[in-house]
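Chain by chain, the residues:
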Amino acid sequence: MFRAAKAKGLTVAISPHYYYPTDHGWKFEGALEKLMHKIGMFDRAGPLSLDGFEGSGADYMPEYKEYIHDGKTIICSPHKVYGPETNDMVLQLRKRGIDQVILAGMSANLCTESHMRELLEQGFEVAVVSDGTAAAMLPEGDGYLAALINFRYMANAVWSTDEVVEKLG
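Residues numbered from 1 in each chain as written. Predicted model: local features only at pLDDT ≥ 70, side-chain atom pairs only at ≥ 80, totals over all residues. Heavy atoms only, no water.

## Focus: the overall build of the protein chain
Okay, so step 1: The secondary structure content of the protein chain amounts to 7 helices and 7 strands.
Okay, so step 2: When its helices and strands are written in sequence order, the protein chain yields α-β-α-α-β-α-β-α-β-β-β-α-β-α.
Okay, so step 3: Taken over C-alpha atoms, the radius of gyration comes to 16 Å for the protein chain, in line with the 15 Å a tight globule of 169 residues would show.
Okay, so step 4: When its C-alpha atoms are laid out on the principal axes, the protein chain stretches across 45 × 40 × 30 Å.
Okay, so step 5: Sorting the 169 residues of the protein chain into buried and exposed places 38% on the buried side. (Helix = DSSP H or I, 4+ residues; strand = E, 2+ residues; numbered from the N terminus. Rg over C-alpha atoms; globule rule 2.2 N^0.38 Å. Buried < 20%, exposed > 50% of the residue type's maximum accessible area, 1.4 Å probe, protein only.)

See the structure below:
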C-alpha cells in the first residue's frame, strides 16, 4: 500500500503512539495503558529526543522506513490513548483538503477502530484495510473479529490490501 500510494502521489500520514517519561505520571489508566507503561511499550526518551528510538518498540518497522522517511510522509504528533483526538492528524488532513482516508494500522479493535470512529465523526470518508491490521486474542474474545464487525457496520468501505493496491493502480 505504501508503494502504491506513493506512486500515485497520495498523501500518507502516520499517527504514531508514543509515551514520554511524563506520561508515566498519569493518575489513572485503562488495563492496556497500564500494561504498555509497565513494559515500556512505545516509550521514547522525550518529545524532542530520538535517543534510544532506533530499534525500540516505538520505532517503525524496517520495511516501511523508506516510505515514512521520504520527506513527504506526514508524521503526526503522537496519539496517547487510542484515537487521533490527542494528536494533530485531523488538522494535518484538513489543511491539505483531504476528506477521504484509507486506514490501516496496529491494534484493530483499539487504535485502528478509534481512528476510524473519530475520522468518521469528523466528516471523513473512511475505508479500512481489513488485512492491514491485527489484534490480540484473549480468553475474553478476539479483538480482530470485534473490530471487523464494527468496520463493516461503520466504515464507508472495508477492503483488502490487494483491493487497495488495485484501486490505486
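What follows picks up the thread again.
## Regarding helix α5 (residues 108–121)
Okay, so step 1: For α5, spanning 14 residues, the distance from its first C-alpha to its last is 18 Å, which sits close to the expected 20 Å at 1.5 Å a residue.
Okay, so step 2: All of the buried residues along α5 are A108, C111, T112, E113, H115, M116, E118 and L119.
Okay, so step 3: Here the buried face of α5 lies against α4 (89–94), β3 (100–103), β4 (125–129) and α6 (143–154).
Okay, so step 4: Positive backbone phi, at 90°, marks G123, one or two positions downstream of α5. (Expected span 1.5 Å × (residues − 1). Contact = heavy atoms within 4.5 Å.)

## Description of the pattern of salt bridges
Okay, so step 1: One pass over the structure, following the stated rule, counts 5 salt bridges.
Okay, so step 2: Salt-bridge contacts for K65 lead to E54; the nearest nitrogen and oxygen are separated by 2.6 Å. Taken together, the residues K65 in helix α3 (residues 65–68) and E54 in the loop between α2 (31–39) and α3 connect sequence positions 11 residues apart.
Okay, so step 3: Accessibility expressed as a relative area gives 63% for E54, which makes it exposed.
Okay, so step 4: Ionic pairing is found between E113 and R117, a salt bridge with its closest N-O pair at 2.9 Å. (Salt bridge = Lys/Arg side-chain N within 4 Å of Asp/Glu carboxyl O.)

## A closer look at the sheet that holds β3
Okay, so step 1: One open sheet accounts for 3 strands, arranged β3-β4-β7; its pairing is parallel. Looking at which strands have only one partner, the edges of the open sheet turn out to be β3 and β7 (157–159). The average angle at which neighbouring strand axes cross in this sheet is 20°, direction not considered.
Okay, so step 2: Pairing geometry for β4 and β7, over 3 bridges, is parallel. Its bridge partner being in β7, V129 is matched across the sheet by W159.
Okay, so step 3: Along the sheet face, α5 touches β3 and β4 and points at about 165° away from the line of β4. (Pairing = 2+ DSSP bridges. Axes fitted to C-alpha atoms, helices over the stretch in contact; angles between N-to-C directions.)

## Comments concerning the pairing of β4
Okay, so step 1: Most of β4 is tucked away, with 4 of its 5 residues classed as buried.
Okay, so step 2: This β-α-β element, β3 to α5 to β4, shows right-handed connectivity. (Right-handed = clockwise from strand over helix to strand, strands pointing away.)

## Quick look at the packing of aromatic side chains
Okay, so step 1: Summed over the entire model, instances satisfying the criterion amount to 5 aromatic pairs.
Okay, so step 2: Aromatic side chains F2 and Y64 sit 5.3 Å apart centroid to centroid with 55° between the ring planes, which places their arrangement in the tilted category. Placement of the pair is F2 in helix α1 (residues 2–8) and Y64 in the loop between α2 and α3, with a sequence separation of 62 residues.
Okay, so step 3: Measuring from centroid to centroid gives 5.7 Å for Y19 and W26, while their planes differ by 85°, and the two rings are edge-to-face.
Okay, so step 4: Among the residues examined, W26 registers a relative accessible area of 27% and is labelled partly exposed.
Okay, so step 5: Put simply, the rings of F2, Y64 and Y67 touch in pairs and so form one group of aromatic residues.
Okay, so step 6: The residue whose ring lies beneath R44 is F53, and the NZ or CZ to ring-centre distance is 5.1 Å.
Okay, so step 7: Sitting above the plane of the F124 ring, R94 keeps its charged end 3.9 Å from the centroid. (Phe/Tyr/Trp six-rings, centres within 6.5 Å; stacked < 30°, edge-to-face > 60°. Lys NZ or Arg CZ within 6 Å of the ring centre and 35° of its normal.)

Keep in mind these numbers describe shape, not what the thing actually does.
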